[in-house]
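Structural overview
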Amino acid sequence: MASGAHQEHPPTRIRPSKGWVALDLKGLWDYRELLYFLTWRDIKVRYKQTLLGASWAIIQPLFTMLLFTLFFGKLAHIPSDGVPYPIFAYAGLLPWTFFSNAVTNSGNSLVGSSNLITKVYFPRMIIPGAAVGAGLVDFAIAFIILIVLMIYYGVAVTWNILMLPVLIVLVTLLAIGVGMWTSALNVKYRDIRYALPFLIQLWLFASPVIYPASLMPSKWRWVLWLNPLTGIIEGFRSSLFGTNKFDWIALGLSTVITLGVLVYSTYTFRRMEKVFADIV
Amino acid sequence: MSKIAISVEGLGKRYSIGVRQHGFKTLRERVNDLALLPFRTARRLVNSNGHEPRSQSNDNNNPKSATRKSSTLWALRDVSFEIKRGEVVGIIGRNGAGKSTLLKVLSRITEPTTGAVDIHGRVGSLLEVGTGFHSELTGRENIFLNGAILGMRRNEIERKFDEIVAFAEVDSFLDTPVKHYSSGMYMRLAFAVSAHLEPDILLVDEVLSVGDASFQKKCLGKMEEVGKQGRTVLFVSHSMPMILRLCERTILLDRGTVVADGKPHEVIKHYLYSDTLSQAQRVWPAKGEAPGDSVARLRSARVLNDEGQLVDTIDIRKPIFIEVEYWNLQDSLRPTAVLHFINEEGICLFATNDFNNAEWFSTPRRPGLVRATCSVPGNFLAEGRIFLLVAVVSYNPNVVHVLERDAVSFQVVDRSEGDAVRGVFTGEWPGVIRPMLNWQVTGLPEDL
């Protein structure tokens, strides 16, 4: 705003809120640059004063993949739906690593930003949002290794790849939903900080990262589908390798659950948001 | 375009205080409740069928929820005022009067419990300079980050970048992480970003209490400039000279309500001199509500004369006694009472603590009440009102357990009867203290 020239703003009304709180989309849009700057800060700060810098984004899924290949692929002979196990595992680890890091970081983001929350106003959703955003950058870096692996194993790309952006959006929305909810709960109950790593670990085994969903007897496969990550991870493999058909029912269920989680967590977040500054 | 910048109507903000700080259940209690639900339901069913006496589970729960609800505090209550566009308004009051809470509500950091606020124009708040600064990032990066946090657009920051750097005088360190900055440089940079925010309404909370004198002067200049540009400024401060210099209107808050609103010198007078006898003594009878923490809590502070009587006014020639009582709640640390003697201009004349008593210093501390009395000799303080900041701190590591600004105050008067420092001189006597010193005076032979 140029000095002196006052623009006519609609007045800001501050009232105690009751019941349902509208999602202030305009407010979020006004602060989109802050989202960008906080994401940028998270990335910048994470790799400052580290020896290996951004290659950590690659090291984590790559070494996990090597370990999985050794123990689950070579020793336990877990099937991999007709693609080499390393690339099978990596294609699952890619969305999984993004999701677990994004949820962990955004879950702790509000508590870690208490100095901001108690001093400045901005839409609080930006904080967990930025943590997920920073995870997307790591995801993009780790994706390069997947391309290298696919060339190495001679996996041909099919039209199925067109679904990939949709799946990335889906896993991002799920990470935002879960991350936002845990971040708000974490402000109120600090137990979350301790429970989260443990729950994430359990979630890994409940998702078809190490094993294909086809390992589950088809009679019980629907149990796996209740985990929204199942459809997403299996979808990742279908779109990348083209060997398996998309399981549209699983994907549809994932989408519905993801949107449900997102709506619920947005509602919870908005409801709890007003007391953040008092209790964080 | 509206002439009113801020209108506040019946504003109230309630906090829950007490053992359970915020009145929330822990997850464990929630889970417990949930886990017990089937049993309670079953028991209720049994009760309605059979003739068992009332279940005990309610009795187990009720005391807890009772304590949870018992203590609430209205930090603001029924506050109403209007501020016109372009007004520079100071907000004063004791600690806990609700000044900072008011600014937090106005800047939308926390939500009010009752009432309504309408704000016309963009709000910028300097509740603490350097908010969101990251020590690992460089000066340049922090300018952009901090600017974005304060609500500036990127092109706006770019436009003002050179101005900010020039104001902060950090040009040669722009690409150094701010963790290597001196505290002065850090403060300058942080204030520079905030000062270039150019909002319609600026909320300022005690930012100028830090930094060196020349920096403070610079900040003051900037604030005056902001005021002259026709922006609305709301300014919380403990510094009366600053309020007098910057503000054209002052609001006095006391225990969450507006008790005076008007010309700064009148409101300040009201603040400093009203209710004088009660200013010679402050008592917190309930340990749980007294200022402090788990190590020490303040019980009382009193101003006494040499006969042990509570006094508001003391003759400049007489000694004065400041008595502080505090609860020591543990036995490993050495909590000690600290007094700052502060004059009407906000200048700390001197500070003192009870370690000056060597015997007490070497005494092991046991939990219990402690009374520490500091005696200030006559013919030492200058005329005027003296305000006492009372603190209880422990050293190694240095922790402040209690900090009460303006806890008590008293008036020093000089009756000019000829035997005080000023002697028979009746004009203006300068100096922040007025000690009676030894003079050696002899006549000398003319031809030395």
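Residues numbered from 1 in each chain as written. Chains lettered and ligands numbered in written order. Predicted model: local features only at pLDDT ≥ 70, side-chain atom pairs only at ≥ 80, totals over all residues.

1. As for the overall build of chain A
Here is the rule we go by: Put simply, DSSP marks the helices as runs of H or I at least four residues long and the strands as runs of E at least two long, and each gets a number from the N terminus on. Between the two quantities, the radius of gyration covers C-alpha atoms and the globule rule is 2.2 Å times the number of residues to the power 0.38. Once C-beta atoms are placed from the backbone, each residue is buried if 20 or more other C-beta atoms lie within 10 Å of its own, exposed if 12 or fewer, and partly exposed for counts between those two. Residues are defined as contacting one another if the C-beta atoms placed from their backbone atoms lie within 7 Å.
The helix and strand inventory of chain A stands at twelve helices and one strand. Each helix and strand of chain A, ordered N terminal to C terminal, gives the series β-α-α-α-α-α-α-α-α-α-α-α-α. Its C-alpha radius of gyration of 21 Å places chain A within 12% of the 19 Å reference for a compact globule of 280 residues. In terms of overall dimensions, chain A has C-alpha extents of about 65 × 45 × 40 Å along its principal axes. By the burial criterion, 41% of the 280 residues in chain A qualify as buried. Of all intrachain contacts in chain A linking residues separated by at least 6 positions in sequence, the fraction that spans at least 24 positions is 79%.

2. Here's the deal with the overall build of chain B
Assigned secondary structure in chain B consists of eleven helices and 18 strands. Residue burial in chain B is summarised as follows: out of 448 residues, 36% are buried. A separation of at least 24 residues holds for 71% of the contacts in chain B among residues at least 6 apart in sequence.

3. Observations regarding the confidence of the model for chain A
Residues and elements named next belong to chain A. The condition is simple: Within a predicted model, pLDDT stands for the predictor's per-residue confidence, ranging from 0 to 100.
Counting all residues, the mean pLDDT for chain A is 88, and 96% of those residues have values of 70 or more. Across chain A, the secondary-structure element scoring lowest on mean pLDDT is helix α1 (residues 25–30), at 84, and the one scoring highest is helix α7 (residues 164–188), at 95. Throughout residues 1–6 the model reports pLDDT below 50, and contacts reaching past four residues in sequence, or to other chains, amount to nine contacts.

4. Points about the environment of A:V169
Mapped onto the fold, A:V169 is located in helix α7. Using a count of 11 C-beta atoms within 10 Å as the deciding quantity, one classes A:V169 as exposed.

5. Overview of the sheet that holds strand β4 (residues 114–119) of chain B
Put simply, the rule is: Two strands pair under a simple rule: DSSP has to find at least two bridges between them. Structural elements are reduced to axes, namely lines fitted to C-alpha atoms, with helices fitted over the stretch in contact, and the angle between N-to-C directions of any two is expressed from 0 to 180 degrees.
Pairing is antiparallel across the open sheet formed by four strands, whose spatial order is β1(A)-β4(B)-β1(B)-β2(B). Both edges of this open sheet fall to β1 (12–14) of chain A together with β2 (72–84) of chain B, since each of them pairs with a single strand only. Within this sheet the neighbouring strands show an average axis-to-axis angle of 15°, counted without direction.

6. Looking at the interface of chain A and chain B
The interface is formed by 34 residues belonging to chain A together with 42 residues belonging to chain B. Of all the elements in the fold, those that place two or more residues in the side of chain A that touches chain B are β1, α2 (32–46), α5 (114–117) and α12 (276–279) of chain A. Broken down by element, the side of chain A that touches chain B gets its largest block of residues, six residues, from α2(A).

7. Here we look at the packing of helix α4 (residues 85–112) of chain A against helix α10 (residues 228–241) of chain A
Residues and elements named next belong to chain A. Heads up, the condition is: An angle below 35 degrees is treated as roughly parallel, one above 145 as roughly antiparallel, one from 65 to 115 as roughly perpendicular, and anything else as oblique. Note on convention: near helix rotated counterclockwise from far helix by under a right angle means a left-handed crossing. Clockwise means right-handed.
Close contact between α4 and α10 brings their axes to 9 Å; oriented N to C, the two are set at 135°. As far as their axial angle goes, α10 and α4 are oblique. Two packed elements cross with a definite hand, and for α4 against α10 that hand is right-handed. Of the residues in α10, those touching α4 at F88, A91, G92, L94, P95, W96 and F99 are L229, I232, I233, F236, R237 and L240.

8. Here we look at the domain arrangement of chain B
All names here are of chain B. As a reminder of what qualifies: Where each domain begins and ends is defined by an automated method or by a domain database.
As far as domains go, chain B holds domain 1 (74–273) and domain 2 (277–413). For domain 1 and domain 2, the distance between their C-alpha centroids amounts to 31 Å. Taken together, the contact pairs seven residues of domain 1 with seven residues of domain 2.

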